[in-house]
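One-letter residues, chain by chain:
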Amino acid sequence: MADIDKRYIPVCPNWVFGVKLLFVLFLVVQNSWSWTATDGGDYGGGNWTISGNTTIAATHTNIDTFKVNSGITATVENYYTGTYGYVVINAKVIIVEGTITATGQGYRGGNGGAGGDGGTASSGNCTDDPNAGGAGNSGTGTGGSSGSAGLKCLWGSRLTGTAGGNGGSGKYAVSDATTDETLNLGSGGGGGGGGGGGCKWVTSSAPGGGGGGAGGRGGGYVKLYADSALTISGAVYTKGTKNGGNGAGGQSTINGVTSVRAGGAGGSASGSGTSTRGTRGSGLINQTYDASNGGFGASGSGSGILLKCTKAGAIDL
C-alpha cells in the first residue's frame, strides 16, 4: 500500500468549527428576536424608539427602553376580522413624550338605514306608498341599538313621512366589574334609521326621506408594563368616536315629474364622516306632503388604559 503524505490532507482547524457554531447560534438567536410594529414579538432586550408617526398593534415583549418621541403619534391599528385594536408594551423603561392613540380603533359601528322613497300618484291620489326607511344596524360587540325606521307617508291617514330614529350609543364590550388586568375593546354606535318618504299632490313627484348616519367606532385599548420606570409626559387616548359615514339626502320634488323620488342612502360604517343624518328632500308648496330626515348615528364606546410598573412609586404622569 502506498504511503500517503499527510501534509496534503485538508484539515479544518478547531477555530473554524467554533466560528461556524457561533454563526449558527447567532442565526437562531436572531430568529427568536423577530418582531414587527403591528404584529409584536420579542425584542431580545433591545430598545424601541418611535421617532416618526407610525402604526402599532399586538403584544411587544423583552424591550429595554420603549420611547415615543415628543411630537410623534403612534396609532394603534384598527380592529378587523378578529385582530388588532390594541397594543401591549412590556419593557424595563417606558417613556411617552408624544402620543399613543387607540381612539376609534375598536369595534365598528352599524350602518345607517336608507331613506324611504317618495310615493307616486295620479290625479291627486297616492297610488303607491313610499317605502319605509330601513333601520340602522347595531354596532359590533355590545353595540348601540339601531335607529328605528321612519314611517312612510300614507295617503289619507299619514300625509307626512316620519323621521328615522337615532342610533343608540355603543357600550363597553362586556359587563366587566372585575379588578384584574383584562381590558376590552369599545363597541360601535348604532346607525340611524332612514326617514320616511313623502306623498305627492297634483302634478309633481314626492320627495324621498333622508338616510340615517352610520354609528361611530369604539376605542381600542393600551397596556403599558414597565419594570423600573414608566413616564408619560405626552398623552394616551382610547376614546370612542362619532366618525361613521353620513346619510345621504333624499331627492327633492320636481314639478311636472311624477316618477318616484328616491330616498337617501344610509351612511356606511366603513366610511368616514361625522355620523350625520341625511336630510329630507324638499317638496313643492301645496303640491307635496313632506318626507322626513334620517336619524343620527351614535358614538362608539371608549375602551381602557392600563399602566403598571413593578417598582413601587416609579410611575410619573
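Draft legend 1. Broad picture of the packing of aromatic side chains. Across all of its chains, the model carries seven aromatic pairs by this definition. When the ring of Trp48 is compared with that of Phe66, the centres are 5.2 Å apart and the planes differ by 65 degrees; the resulting orientation is edge-to-face. Of this pair, Trp48 sits in strand E3 (residues 48-50) while Phe66 sits in strand E5 (residues 58-68), and the two are 18 residues apart along the sequence. On the accessibility criterion, Trp48 (8% relative accessible area) is buried. Considering the side-chain rings of Tyr80 and Tyr84, the 5.7 Å spacing of their centres and the 55 degrees angle between planes classify their relative orientation as tilted. The exposure class assigned to Tyr84 is buried, which follows from its relative accessible area of 19%.

Draft legend 2. Representation of the state of the cysteines within the structure. Under the counting rule described, the total for this entry stands at one disulfide. The residue that forms a disulfide with Cys153 is Cys199, at a sulfur-sulfur distance of 2.1 Å. Since a negative S-S torsion denotes a left-handed disulfide, the Cys153-Cys199 link at about -120 degrees is left-handed. With a gap of 46 residues between them, Cys153 in the loop between strand E10 (125-128) and strand E11 (221-232) and Cys199 in the loop between E10 and E11 connect regions that are remote in the sequence. Judged by its relative accessible area of 0%, Cys199 is buried.

Draft legend 3. Representation of the environment of Arg280 in the model. Mapped onto the fold, Arg280 is located in the loop between strand E12 (235-237) and strand E13 (305-309). C-alpha of Arg280 to C-alpha of Ser252: the two residues are 28 residues apart in sequence and 7.8 Å apart in space. With residues up to four places along the chain from it excluded, the contact list for Arg280 reads Gly208, Gly209, Gly210, Gly250, Asp290, Ala291, Ser292 and Asn293.

Draft legend 4. Inspection of the sheet that holds strand E4 (residues 54-56) at higher detail. Overall, parallel pairing links the four strands, which are arranged E4-E6-E8-E12 in an open sheet. Only two strands of the sheet have a single neighbouring strand rather than two, namely E4 and E12. Across the sheet, the axes of successive neighbouring strands diverge by a mean angle of 20 degrees, strand direction being ignored. Relative to E12, strand E8 (residues 99-101) is paired through three bridges, and the arrangement is parallel.

Draft legend 5. Just the nonpolar core, in detail. Ranked by size, the top nonpolar core spans 25 residues in total, and within it Phe66, Ile89, Ile94, Ile100 and Leu224 carry the most contacts. Looking at this core, the elements with two or more residues in it are E3, E5, strand E6 (73-76), strand E7 (86-96) and E11. Each residue touching Ile89, except ones within four places of it in the same chain, is listed here: Trp48, His60, Ile63, Phe66, Ile94, Lys223, Leu224 and Tyr225. Formed by seven residues, the second largest nonpolar core is a distinct cluster that contains Tyr107, Leu183, Leu185 and Leu306.

Draft legend 6. Structural detail: the pattern of salt bridges. In total, this model carries four salt bridges according to the counting rule given. Close ionic contact of Lys92 with Asp64 constitutes a salt bridge, the shortest N to O distance being 3.8 Å. Remark: Asp64 occurs in strand E5 and Lys92 occurs in strand E7; sequence separation between them is 28 residues. The partly exposed category is assigned to Lys92, whose relative accessible area is 45%. The shortest N-O distance in the salt bridge between Arg280 and Asp290 comes to 3.9 Å. One end of the pair, Arg280, is in the loop between E12 and E13; the other, Asp290, is in the loop between E12 and E13, with 10 residues separating them in the sequence. Look at Arg280 and you get partly exposed, because its relative accessible area is 42%. Since its relative accessible area comes to 30%, Asp290 is described here as partly exposed.

Draft legend 7. Structural context of unusual backbone geometry. In this structure, Ala58 takes a positive phi of about 75 degrees despite not being glycine. Mapping Ala58 onto the fold places it in strand E5. A relative accessible area of 10% places Ala58 in the buried class. Despite not being glycine, Tyr84 has its phi angle at roughly 65 degrees, a positive value. For Tyr84, the position within the fold is in the loop between E6 and E7.

Draft legend 8. A look at the confidence of the model for the protein chain. Averaged over every residue, the pLDDT of the protein chain is 84; the share at 70 or more is 82%. Contacts for the low-pLDDT stretch residues 1-12, under 50 throughout, to residues beyond four places or in other chains number two contacts.

Draft legend 9. Quick look at a nonpolar patch on the surface. The grouping of Ile305, Leu307, Ile315 and Leu317 at the surface amounts to a nonpolar patch, some 340 Å² of accessible area in total. Structurally, Ile305 is set in strand E13.

Draft legend 10. Broad picture of the pairing of E5. Relative to E5, strand E2 (residues 40-42) runs parallel, the two being bridged by two bridges. Its bridge partner lying in E5, Asp42 is registered against Thr61. As paired elements, E3 and E5 share three bridges and run parallel to each other. For Ile50, the partnering residue across the bridge sits in E5 and is Val68. Summarising the sheet, E5 and E7 pair through eight bridges and their orientation is parallel. Pairing of Thr59 across the sheet is with Val88, part of E7.

Reading the values: the criteria
- Residues numbered from 1 in each chain as written.
- Predicted model: local features only at pLDDT ≥ 70, side-chain atom pairs only at ≥ 80, totals over all residues.
- Heavy atoms only, no water.
- Phe/Tyr/Trp six-rings, centres within 6.5 Å; stacked < 30°, edge-to-face > 60°.
- Helix = DSSP H or I, 4+ residues; strand = E, 2+ residues; numbered from the N terminus.
- Buried < 20%, exposed > 50% of the residue type's maximum accessible area, 1.4 Å probe, protein only.
- Disulfide = S-S within 2.5 Å.
- Contact = heavy atoms within 4.5 Å.
- Pairing = 2+ DSSP bridges.
- Axes fitted to C-alpha atoms, helices over the stretch in contact; angles between N-to-C directions.
- Core = buried A, V, L, I, M, F, W, Y, C linked by side-chain atoms within 4.5 Å.
- Salt bridge = Lys/Arg side-chain N within 4 Å of Asp/Glu carboxyl O.
- pLDDT = per-residue confidence, 0-100.
- Patch = residues over 30% accessible without salt bridge, like charges linked within 9 Å, V, L, I, M, F, W, Y side chains within 5 Å.
- Areas by Shrake-Rupley, 256 points an atom, 1.4 Å probe, with all protein chains shown as cover.

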